[in-house]
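Observations on the three-dimensional arrangement
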Amino acid sequence: MKKINEIFYSLQGEGYHTGIPAVFVRFSGCNLSCDFCDTQHQQGMLMTDDQIVAEVKKHPAAVVILTGGEPSLFVDEALVDQLHQAGLYICMETNGTRPVPVAVDWITCSPKSGTTLEIQRMDEVKVVYTGQDVSIYEGLPARHFFAALFGA
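No experiment lies behind these values; they were computed from the predicted model shown.

Now for the overall build of the protein chain. Looking only at helices and strands, the protein chain features two helices and eight strands. Over its C-alpha atoms, taken along the principal directions, the protein chain stretches across nearly 45 × 30 × 30 Å. By residue count, 44% of the 152 residues in the protein chain fall in the buried class. Sequence separation of at least 24 residues holds for 51% of the intrachain contacts in the protein chain that already meet a minimum separation of 6.

Next comes the structure, spelled out in structure tokens:
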């Protein structure tokens, strides 16, 4: 069982896949406590992988975005396999502090200051800019970078 905050259909609003129709699966729960987090972690319902995939398939999108909270606390190879079997391209937004299943198609890493990265691959880095020195992100092995401004 996985704790799901919400599942909804929308357009990706940021990063490399901006404008792409997608189903967002927002997980409840995180291993960090960021001031700017927009997820209500106390909310959510427990769902099986079958229930998650069935809900995602109700929407007309070929892309699913696993987000949170921190989805790496919940997403495993079994869920990734089921989503692929449903014909979906899987994007995951993670803070990078935990490993991510290898078969995820696109990984957006949003590293937080003071955390140790455990992620093996990142296709994109998302920096939530709050005035910090962004040079610490320059050595990260990603193909794409973007910044989201917070608190301006």
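Ranked by size, the top nonpolar core spans 30 residues in total, and within it Ile 7, Val 25, Ile 52, Val 56, Val 64, Leu 66 and Leu 83 carry the most contacts. Of all the secondary structure elements, the ones that give two or more residues to this core are β1 (2–11), β2 (21–27), α1 (49–56), β4 (63–67), α2 (77–85), β5 (89–94), β6 (106–109) and β7 (124–129). For Leu 66, the residues in contact, after removing those within four places along its chain, are Val 25, Phe 27, Pro 71, Val 75, Leu 83, Ile 90, Cys 91, Met 92 and Glu 93. Val 63, Ile 65, Cys 91 and Trp 106 belong to the second largest nonpolar core, which has six residues in total.

Right, let's talk about the packing of aromatic side chains for a bit. What the rule picks out here adds up to three aromatic pairs. When the centroid spacing of 4.8 Å and the interplanar angle of 20° are considered together, the rings of Tyr 16 and Trp 106 count as stacked. One end of the pair, Tyr 16, is in the loop between β1 and β2; the other, Trp 106, is in strand β6, with 90 residues separating them in the sequence. The partly exposed category is assigned to Tyr 16, whose relative accessible area is 48%. We classify Trp 106 as buried; its relative accessible area is 5%. Measuring from ring centre to ring centre gives 5.5 Å for Phe 27 and Phe 74, while their planes differ by 10°; the resulting arrangement is stacked.

A separate point is α2. Within α2 the residues assigned to the buried category are Leu 79, Val 80 and Leu 83. Down the axis of α2, the sector holding all buried residues measures 100°, keeping them to one side. Elements that come into contact with the buried residues of α2 comprise β1, β2, α1, β4 and β5.

Let us look at the pairing of β7. Across the six residues of β7, five count as buried, placing the element largely inside the fold. In this structure, β6 lies alongside β7, joined through two bridges in parallel fashion. Its bridge partner lying in β7, Thr 108 is registered against Glu 124.

Thresholds applied
Residues numbered from 1 in each chain as written. Predicted model: local features only at pLDDT ≥ 70, side-chain atom pairs only at ≥ 80, totals over all residues. Heavy atoms only, no water. Helix = DSSP H or I, 4+ residues; strand = E, 2+ residues; numbered from the N terminus. Buried < 20%, exposed > 50% of the residue type's maximum accessible area, 1.4 Å probe, protein only. Contact = heavy atoms within 4.5 Å. Core = buried A, V, L, I, M, F, W, Y, C linked by side-chain atoms within 4.5 Å. Phe/Tyr/Trp six-rings, centres within 6.5 Å; stacked < 30°, edge-to-face > 60°. Arc of directions from axis to C-beta. Pairing = 2+ DSSP bridges.

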